[in-house]
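# Coordinate analysis (summary)
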Amino acid sequence: MTDVLPQPDCSPKARGEPLELEDSGSKRPPNTGARLWGRVRNRLLRHKLDPQTVETKNWHTDVIEMNGIKVEFSMKFTSRDMSLKRTPSKKQTGVFGVKISVVTKRERSKVPYIVRQCVEEVEKRGIEEVGIYRISGVATDIQALKAVFDANNKDILLMLSDMDINAIAGTLKLYFRELPEPLLTDRLYLAFMEGIALSDPAAKENCMMHLLRSLPDPNLITFLFLLEHLKVQVLLYYLQHPPISFAELKRNTLYFSTDV
């Protein structure tokens, strides 16, 4: 796995002075930023860290320039085990950073209250929202919701009803990111990866269903609750559809009108 960390440019432009978009009276081509980041992405996809860099875990620095704009970035190799590792938390109060089993036992619930309320609000007024779960909410709003849920404040429902829906979706994502371990658990993670890689469909289904049943009840019930929430309308149709080939779709466009 490769981590990318942009490095600050200490030139005057990086300190907030105006960025000149013209040089010697000539205009730059449009979409320079998008093209430049496209080059960065392609460089990252092609780049292979040398064995010494991997072994020492040093940062590898690279620079890309286009139309007078320079992007300097650094990469280093991080093993899968380290990238998936979460910082253990001794916290027993609140809900963020606390095991699902602890939260559900304390609440006497099957699915954590924060998950149920955020999902309910998203289904109430966020299903038709463009970019739901993709567009980031305002960080201060998300932190405010986090604090309210952690404190089990009596004004939670009122605050949710007034809050921007992207902040609510962001709070739900933050909750799962801060769990002490992934929803599918550290113990079963490698088994899930091996199961999904099986080529025989029947063996894959048997393995994946067995692993799902092996999850602790709070994790399993919460996972199924989320799955039901995410499988809506158009998405549900494609999830239930047999495997779709990109090439086949492109060929079929020759026979169908684009008019609706």
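Residues numbered from 1 in each chain as written. Predicted model: local features only at pLDDT ≥ 70, side-chain atom pairs only at ≥ 80, totals over all residues. Heavy atoms only, no water.

## Here we look at the side chain of Gln-117
- Its place among the elements puts Gln-117 in helix α5 (residues 113-125).
- Gln-117 has contacts with Phe-149, Leu-157 and Leu-160, leaving out every residue within four places of it along the chain. (Helix = DSSP H or I, 4+ residues; strand = E, 2+ residues; numbered from the N terminus. Contact = heavy atoms within 4.5 Å.)

## Considering the pattern of salt bridges
- Counting across every chain of the model gives four salt bridges.
- Between Lys-124 and Glu-121 there is a salt bridge, and its shortest N-O distance comes to 3.8 Å. Remark: Glu-121 and Lys-124 occur in helix α5; sequence separation between them is three residues, near one turn of the helix.
- Exposure remark for Lys-124: the relative accessible area of 57% places this residue in the exposed category.
- Across the pair Lys-154 and Asp-155 runs a salt bridge whose closest N-O atoms are separated by 3.7 Å. (Salt bridge = Lys/Arg side-chain N within 4 Å of Asp/Glu carboxyl O. Buried < 20%, exposed > 50% of the residue type's maximum accessible area, 1.4 Å probe, protein only.)

## Quick look at α5
- The terminal C-alpha atoms of α5 lie 19 Å apart, and with 13 residues this matches the ideal 18 Å at 1.5 Å per residue to within 8%.
- Every buried residue belonging to α5 is among Ile-114, Val-115, Gln-117, Cys-118, Val-119, Glu-121 and Val-122, and all of these are buried.
- The secondary structure elements touched by the buried residues of α5 are α6 (139-151), α7 (156-162), α8 (165-177) and α11 (217-230). (Expected span 1.5 Å × (residues − 1).)

## Re the confidence of the model for the protein
- Put simply, the protein has an average pLDDT of 76, and 62% of its residues get 70 or more.
- Of the regions scoring below 50 in pLDDT, residues 1-28 engages in 34 contacts with residues more than four places distant in sequence or in other chains.
- Low confidence marks residues 254-260, where pLDDT is under 50. Its contacts with residues over four positions away, or in another chain, come to zero contacts. (pLDDT = per-residue confidence, 0-100.)

## Quick word on the packing of aromatic side chains
- Under the defined criterion, the tally for this structure stands at three aromatic pairs.
- Pairing Tyr-175 with Phe-176 gives two aromatic rings, centres 5.2 Å apart and planes at 75°, and the pair type is edge-to-face.
- Judged by its relative accessible area of 16%, Phe-176 is buried.
- One aromatic cluster is present, formed by Phe-96, Tyr-175 and Phe-176 through successive ring pairs. (Phe/Tyr/Trp six-rings, centres within 6.5 Å; stacked < 30°, edge-to-face > 60°.)

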